[in-house]
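# Structural overview for review
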Amino acid sequence: MRSPFSIDPTQTAAFERIRETLSPEARREARRLLRAVVIGGGTGAPVSIKTLLSMGVETSAIVAMADDGGSTGILREEAHVTPPGDIRKCLVAFAADQRDPLTRAFRYRFEFARNHTLGNLMLSALEDATGSFPAAIQICEDLLHCRGHVYPSTLDNIVLCAKTRDGRTIEGQAKACHSNTALERVWLKEEDVAAYQPAVDAIEGADLIVLGPGSLFTSIIPNLLVPGIVEAIRRSKGRTVFVCSLADMQGETWGLSAEEHVGALLEHGMSGLVDYALIHTPKPLRSWESVADVYDEVTGREGEGAALDSAGPGVNPNIRPVRIDYQMAKRIQNEGPLVIARNLVDPLRPTWHDPQALRDAFAGVIKLCRSRQR
């Protein structure tokens, strides 16, 4: 008999494996810096959260509040609650024991009940019972024995709007995410929006600010649109790293290069504020190569999507790698961010970052941060 429950997929098992590889020296090296804050949404941000926690880094998360799809969209519309879905995913990433029954149940999705998750329902019920969404989050942090804090970027009810590169206007995060063409810019429909002060405080006190990975226009940038968030990044003494997506699966960035990803970030308030851009490349960039060379030589096949096919059978043919070459990297660096180009893809899951590779890349960023401080 088919189970009435399903569990949202995570990279938990992969992160458990890398935890065993960390030496005591590596953990001490990471701790010496560092307070980190991850800014994003609920799909990509947990990747950075789990990586930083595996390094022993004190970590918190700032989460976008524009989600209006799926279970969260139903709860927003019918129960008039603060969007719980992305908060839930980050809470699970912070949970002390991923195998704990409560942590597992928190991720249970009830297909027979409009596909709601237990975590979404708990957060919404606790918000109603306490009269406070932050209080609901705090209770769930305690229940899951979270090793860090999750903060919404705002408590205001917001709606994300977008303009596509072919001139159309879209209203709503879920619709924008699945646009037929790439987005050009996004904005909030509401004018009177305020940042949640504990989120501002976490950013200002951070030594490392991590943007992403995740959906660029619908998970990362919506945080930056909240008045006060970019200003907090500007006031912070911490260094900022953008973790670029590995591949396109959704319409919002379909066909955009790594240079265009970084450019969109800079155009949405982050000009002069991104110190590092962490970008996947299947092999080292060389000045004489084109973007096609970089991706095709790895697989011996033609076509810019070929690189991901090396990840194994069953790969969705509609997934395309985010392109980068030497000249793009130079142009990105001319805008300010230092490009760190590495092979970051999980060999079995071509849209997921490899935990070990990402940990090593973050370790490199931390060393660069320290060298600049000296």
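One structure accompanies this document, and this report is about it. (Residues numbered from 1 in each chain as written. Predicted model: local features only at pLDDT ≥ 70, side-chain atom pairs only at ≥ 80, totals over all residues. Heavy atoms only, no water.)

### Quick look at the sheet that holds strand β7 (residues 160–164)
- With respect to topology, three strands assemble into an open sheet ordered β8-β7-β9, the strand pairing being antiparallel. Lying at the two open borders of the sheet, with one neighbouring strand each, are β8 (169–171) and β9 (183–188). Along the sheet, successive strands turn relative to each other by an average axial angle of 20 degrees, direction set aside.
- Bridge analysis of β7 against β8 gives three bridges, and the strand direction is antiparallel. Each residue of the ladder has a partner; that of A162, found in β8, is I170.
- Strand contacts of helix α11 (residues 216–224): β7 and β9, with the helix running at about 45 degrees to β9, the strand carrying the most contacts. (Pairing = 2+ DSSP bridges. Helix = DSSP H or I, 4+ residues; strand = E, 2+ residues; numbered from the N terminus. Axes fitted to C-alpha atoms, helices over the stretch in contact; angles between N-to-C directions. Contact = heavy atoms within 4.5 Å.)

### Describing the packing of aromatic side chains
- Per the stated rule, a full pass over the model turns up two aromatic pairs.
- Geometrically, the ring pair formed by F110 and F112 is edge-to-face, given 5.7 Å between the ring centres and 70 degrees between the ring planes.
- A relative accessible area of 57% means that F112 is categorised as exposed.
- With a centroid separation of 6.5 Å and an interplanar angle of 50 degrees, the aromatic rings of Y151 and Y196 are classed as tilted. Here Y151, found in strand β6 (residues 149–152), pairs with Y196, found in the loop between β9 and α10 (197–204); they are 45 residues apart in sequence, far enough to count as distant. The pair Y151 / Y196 is uniform in exposure class, with both members buried.
- Sitting over the ring of W254, R320 keeps its end group 4.1 Å from the ring centre. (Phe/Tyr/Trp six-rings, centres within 6.5 Å; stacked < 30°, edge-to-face > 60°. Buried < 20%, exposed > 50% of the residue type's maximum accessible area, 1.4 Å probe, protein only. Lys NZ or Arg CZ within 6 Å of the ring centre and 35° of its normal.)

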